Amino acid sequence: MRLRNIPGSREAIAENHWCIQEPEHQKGNWHQIFGNNHPIHIEIGMGKGRFLMTLARENPNINYIGIEKYSSVLLRALQKMEEAPLENIRFIRMDAETITDIFLQDEVTKIYLNFSDPWPKDRHAKRRLTSRQFFARYHLILQQEGCVEFKTDNQDLFDFSLEEVREAGWRLDGCTRDLHHDEKMIQGNIMTEYEERFSSMGNPIYKLIASR
Ligand code: SAM
């Protein structure tokens with residue numbers, strides 16, 4: 001998702017209470033930001049953030065951090081926070097390639113990846129958020145009992161991701177090629193903006209859960 005550049009979005013983000021500036025300075029200190037020791041769940045590529053805000057509202061005992069590459073997209077999430085503030089959520093504008101610079105080993109309990117960019121060219125495979133290179137990064141920040149949950153409507157990306165889970169030496173804890181008709185995996189499902197759009201077009205939604 002890359003919205004038209006919104007003039008002033010970088011400045012608006014820089015001054016926002018919910019957006020963490022210089023997140024690498026918080027490495028190892030995230031619990032202080034939230035003022036409690038609740039587990040931290042993150043979403044990488046959160047877009048406008050509805051999924052994460054819904055989770056945060058439903059689970060006050062979990063802290064959520066949304067990561068998004070583009071300020072114009074993140075700004076939409078911040079505007080929603082002004083309307084309905086939540087204290088168990090924060091946002092970071094960054095490219096997740098450097099995610100190991102901002103979290104220590106064991107600081108994160110769950111990673112959500114929803115409708116991640118497919119990067120269809122083979123030479124860009126390592127940019128996919130479910131590539132073995134990203135699983136190696138997740139290994140460095142995730143608690144041993146933590147997991148990655150990934151949803152997409154892109155069959156090629158899903159097949160690639162299953163292969164990468166195996167290559168990375170991770171375990172598949174759940175897998176469906178039709179989430180919305182899978183009685184077990186649909187439990188507690190929260191639709192993302194993209195999920196709503198693609199499922200309304202009749203596309204099946206794929207989901208996997210992976211852990212070590
Ligand atoms: N997760 C949302 C949803 O399901 O509605 C948005 C999906 S959108 C297709 C993917 C989002 O991931 C975009 O907003 C994009 O900017 C962001 N993104 C892609 N690669 C990223 C990266 N390496 N680091 C941070 N954000 C990234």
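Note that the structure is a prediction, hence the values are computed from the model and not measured.

### A closer look at the pairing of strand β1 (residues 40–44)
Where burial is concerned, most of β1 is hidden: 5 out of the 5 residues are buried. Looking at chain direction, β1 and strand β2 (residues 63–68) are connected through 5 bridges and run parallel. Paired with E43 across the two strands is G66, which belongs to β2. This β-α-β element, β1 to helix α3 (residues 50–58) to β2, shows right-handed connectivity.

### Section: the state of the cysteines
Scanning the model with the defined rule gives 0 disulfides in all. C175 supplies the cysteine sulfur nearest to C147, a cysteine that is in no disulfide, at a spacing of 14 Å. Judged by relative accessible area, C147 falls into the buried class, the value being 13%.

### Notes on helix α7 (residues 193–200)
Of the residues making up α7, those classed as buried are E195, F198 and S199. For α7, the buried positions fall inside an angular range of 95° around the axis, keeping them on one side. On the buried face of α7, the contacting elements are β5 (142–152). The backbone nitrogen of Y194 has a side-chain oxygen 3.3 Å away, supplied by the residue at the start of α7, namely T192. The first or second residue beyond α7 is G202, which carries a positive phi of 90°.

### Notes on the environment of R137
Along the chain, R137 falls in helix α5 (residues 132–141). In sequence terms R137 and F103 are 34 residues apart; their C-alpha atoms lie 10 Å from each other. In this structure R137 touches A96, E97, I99 and T100, once residues within four positions along its chain are discounted.

### Digging into the pairing of β2
Of all 6 residues in β2, 6 are buried, a share of seventy percent or more. Side chains of β2 alternate between two faces, with N63, I65 and I67 and Y64, G66 and E68 buried alike. In this structure, β2 lies alongside strand β3 (residues 89–93), joined through 5 bridges in parallel fashion. Of the residues in β3, the one forming a bridge with G66 is F91.

Calculation criteria
- Residues numbered from 1 in each chain as written.
- Predicted model: local features only at pLDDT ≥ 70, side-chain atom pairs only at ≥ 80, totals over all residues.
- Heavy atoms only, no water.
- Buried < 20%, exposed > 50% of the residue type's maximum accessible area, 1.4 Å probe, protein only.
- Helix = DSSP H or I, 4+ residues; strand = E, 2+ residues; numbered from the N terminus.
- Pairing = 2+ DSSP bridges.
- Right-handed = clockwise from strand over helix to strand, strands pointing away.
- Disulfide = S-S within 2.5 Å.
- Arc of directions from axis to C-beta.
- Contact = heavy atoms within 4.5 Å.
- Polar contact = N/O pair within 3.5 Å; in protein donor to acceptor, adjacent residues only side chain to side chain.

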